[in-house]
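# Observations on chain architecture
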Amino acid sequence: IPIERIRNFSIIAHVDHGKSTLADRLLEFTGAIKENSGQSQILDKLQVEKERGITVKAQSVSLLYNFKGDDYLLNLIDTPGHVDFSSEVCRSLFACQGVILLVDANDGVQAQTVANFFLAFGKDLTIVPVINKIDLKNADPDRVTKQLQFLFDIEPQEVLRISAKLGKGIESVLEAIIERLPCPKVDREAPFRALIFDSWYDKYRGALSLIYVQDGDISVGDEIQSCHTKKVYEIKTVSLLRPQEVAANKLNAGQIGLIGCNMRSSKEAFIGDTIHKSSCIVEALQGFEPPRPMVFAGVYPSDQSQHISLRSAIEKLTLNDSAVSVDVDSSPALGQGWRLGFLGLLHLEVFSQRLQQEYGAEPILTAPSVTYKIKLKPTKQNLKTGEQLIYVNNPALFPDHLLIEEAFEPMVIGTIITPDEYLGPVISLCMERRGIQRSAKNIDNDRVMLQYDLPLCEIIVDFHDTLKTISSGYASFDYEDNGYQSSNLVKLVILLNGVAVEELSNIVHITKAQTVGRKMVLKLRDIIPRQMVQIAVQAVSNGKVLARENIKPYRKDVTAKLYGGDVTRRMKLLAQQAAGKKKMRMVANISLPKETFIDVLKK
Ligand code: GTP
């Protein structure tokens, strides 16, 4: 198919606005899948995605469509809708010349619609605005059209109105893609050059890479080289996704396809990398930037006997998700484990859910933290080594306040869209999370768009849930990374009878140290079982005690509830108690059951 008859596009939408449904309809309409074949939401492959109804890994599909007598090749590139995966969205958009901006006729423009629009707009892509779900009783497409006009300067006559569910207006979408989108700007005569924009692991063939061919062509047997690693591979398979894999002889410039070349893990198939023929050197297509984890959590087996199986599960999952960073970690209470880094909170949740569902692992996850940047006070040592600036993502490793010259925390710009009746509580929530308002504007009669500068650490623990609760589910939220900002951070340490328990350390803003310290102490008082000795629980920061509670001594008599003299029963219970004690961690002669740590460390 000539370049002029190729269109590469993507659908971008807020969660649940109907992206997968529209993709299914496009597949049916072009005959890639049979209608009502029960293969609903064919692009959402993974079980987690099905359950949560979100798209995690970008998948793509090549469609053939006959329009006014000519065959067109339409490549639909499925992008993850959520902010956590915005680097994946960016990569996928590189292969597109246009996007379908899908908006729910009832919900209207939401936070992710705004974020996605500006991402596509910034890349100079053609935007086809489409209002979906016009069949809904409360659909108000006129109002959504006005929002699009007001926020994005979109002309009302450009806006399509469809119902993906009922299959209404699908043809108009295909027509708009062909007529409004330009064909890819590529060169078939130039030396081969392609961008890897997704990759996944196949048990039999190793890592497979989804590529967008910018220049030249590629066939089985060609030798390719990675710009990033400089490694050379022989192409073993070339195929198109329709949506099943169909072997192809060759991929030409402008096309999207899957290649296999015996890469052993997806860590070799770097998303964002440029590949070329090893015989001629080319310029990389994009500055290659490995994904940067933003949110970190400790992952431990619930029992050390599961250590090996958990390790193998983590290894298998990271084969398919090179955005997760893995470091070995250990804690006296929880044993050997890992510290994993994720692109965002949703990424973390999806990962842990997949660990459970796909590998049956039941790990303990600690509360998430972010990466702090710390400038240490100059010493002879660190001036010489140049290690005055350090990054810390584990609160236990946060240096003593006397050593710190300045601390910085990661910031984001958050966008919230809410009906104005919830404006008060939404603003209070942002202030409580140390947010500073950037702007507030009405996007129509009763909806407001707010932008806040927020510390990342304040939104990674139940910000989204709280926002949904206080707005009866109507407010939406999205954020983008906004670098580091100097901040008055302190390390909150928990002492039991004067001895610090590192696992329970926490980094907090100075204004919150008191409240958080108080809360932790009260919680610990309630969950630490009474012991033979009195226990003093203290929260301390910068050498000052912020809160203190005592736990009175007491011997827990597990046999107290038993009447009479059933000796065997009694012995059994005492034995159980003794076995339980083995799992304890001793701190200052106090034995703490593992559950205490789990309770405190979990969100
Ligand atoms: P993510 O993958 O989470 O981004 O969601 P999505 O945008 O892919 O949404 P999806 O296609 O899963 O649709 C979300 C819900 O909206 C589903 O329950 C669909 O059945 C429903 N839906 C999609 N299109 C329409 C439509 O035209 N009309 C109505 N009434 N419902 C629709």
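Preceding block: the structure.
Quick summary incoming for the structure in this document. No experiment lies behind these values; they were computed from the predicted model shown.

The 8 strands lie next to each other as β11-β10-β16-β7-β8-β15-β12-β13, forming an open sheet whose pairing is antiparallel. Only two strands of the sheet have a single partner each, and these edge strands are β11 (232-234) and β13 (245-247). The average undirected angle you get between the axes of adjacent strands in this sheet is 40°. Sheet topology note: the strand β12 (residues 237-241)/strand β15 (residues 256-263) ladder contains 3 bridges and is antiparallel. Residue pairing in the sheet places Thr-237 in a bridge with Gly-260 of β15.

So, about the packing of aromatic side chains. Here the distance between the centres and the angle between the planes together describe a pair of aromatic rings. This structure, assessed with the given rule, holds 13 aromatic pairs. An aromatic cluster is built from Phe-117, Phe-118, Phe-121 and Phe-152, whose rings are joined through pairwise contacts. Directly above the ring of Phe-408 sits Lys-373, whose terminal nitrogen or CZ lies 5.1 Å from the centroid.

In contact at an axis separation of 9 Å, helix α10 (residues 423-432) and helix α12 (residues 463-470) are set at 160° when each is read in the N-to-C sense. Here α10 is positioned roughly antiparallel relative to α12, judged by the angle of their axes. Every pair of crossing elements has a handedness; the one defined by α10 and α12 is right-handed. Residue-level inspection shows Pro-425, Val-426, Leu-429 and Cys-430 of α10 in contact with α12, the latter providing Phe-463, Thr-466, Leu-467 and Ile-470. For the contact of α10 with α12, the residue count by class is 7 nonpolar, 1 polar and no charged.

A few words on the pattern of salt bridges. Pairing between side chains becomes possible if they bear opposite charge and their charged atoms approach one another. Applying the stated rule across the entire model yields 21 salt bridges. Linking Asp-217 and Lys-277 is a salt bridge whose minimum nitrogen-to-oxygen distance equals 4.0 Å. Taken together, the positions of Asp-217 in strand β9 (residues 217-219) and Lys-277 in strand β16 (residues 274-277) put the pair 60 residues apart, joining distant regions of the chain. Salt bridges sharing common partners tie together Glu-409, Arg-434, Glu-458 and Lys-512.

Extensive coverage of strand β4 (residues 98-104) is indicated by the burial of 7 of its 7 residues. Of the strand pairs in this sheet, strand β1 (residues 6-13) and β4 are connected by 5 bridges, and their pairing is parallel. Bridge assignment links Ile-11 to a residue of β4, and that residue is Ile-100. By the bridge criterion, 7 bridges tie β4 to strand β5 (residues 126-132) in an arrangement that is parallel. The residue bridging Gly-98 from the neighbouring strand is Thr-126, located in β5. Handedness of the crossover joining β4 and β5 through helix α4 (residues 111-122) is recorded here as right-handed.

All right, on to the environment of Pro-332 then. Inspection of the secondary structure puts Pro-332 in the loop between β18 (325-331) and β19 (335-342). Taking relative accessible area as the criterion, Pro-332 reaches 60% and is therefore assigned exposed.

Turning next to the side chain of Gln-110. By secondary structure assignment, the location of Gln-110 is in the loop between β4 and α4. In this structure Gln-110 comes out as buried when scored by relative accessible area, which is 6%. In terms of polar contacts, Gln-110 uses its side chain to reach the side chain of Ser-476, at 2.6 Å. If near-sequence neighbours (up to four positions away) are discounted, Gln-110 is found in contact with His-14, His-17, Ile-417, Arg-447, Tyr-474 and Ser-476.

Turning our attention to the nonpolar core. Counting 58 residues, the largest nonpolar core has Leu-101, Leu-148, Phe-152, Ile-211 and Ile-224 as the members making the most contacts within it. No other element matches the 6 residues that strand β8 (residues 206-215) contributes to this core. With residues near it in sequence (within four places) discarded, Ile-211 still touches Phe-192, Ala-194, Leu-195, Ile-196, Phe-197, Ile-218, Leu-251, Gln-255, Ile-256, Gly-257, Ile-259 and Ile-275.

To continue, consider α10. Among the residues of α10, those classed as buried are Val-426, Leu-429 and Cys-430. For α10, the angular spread of buried residues about the axis comes to 95°, placing them on one side. Tucked into the core, α10 has its buried residues touching β24 (404-419), β26 (447-455) and α12. Trailing α10 by a residue or two, Arg-434 shows a phi angle of about 65°, which is positive.

About the cut-offs
Residues numbered from 1 in each chain as written. Predicted model: local features only at pLDDT ≥ 70, side-chain atom pairs only at ≥ 80, totals over all residues. Heavy atoms only, no water. Pairing = 2+ DSSP bridges. Helix = DSSP H or I, 4+ residues; strand = E, 2+ residues; numbered from the N terminus. Axes fitted to C-alpha atoms, helices over the stretch in contact; angles between N-to-C directions. Phe/Tyr/Trp six-rings, centres within 6.5 Å; stacked < 30°, edge-to-face > 60°. Lys NZ or Arg CZ within 6 Å of the ring centre and 35° of its normal. Parallel < 35°, antiparallel > 145°, perpendicular 65-115°, else oblique. Left-handed = near helix turned anticlockwise from the far one by under 90°. Contact = heavy atoms within 4.5 Å. Nonpolar A, V, L, I, M, F, W, Y, C, P; charged D, E, K, R; others polar. Salt bridge = Lys/Arg side-chain N within 4 Å of Asp/Glu carboxyl O. Buried < 20%, exposed > 50% of the residue type's maximum accessible area, 1.4 Å probe, protein only. Right-handed = clockwise from strand over helix to strand, strands pointing away. Polar contact = N/O pair within 3.5 Å; in protein donor to acceptor, adjacent residues only side chain to side chain. Core = buried A, V, L, I, M, F, W, Y, C linked by side-chain atoms within 4.5 Å. Arc of directions from axis to C-beta.

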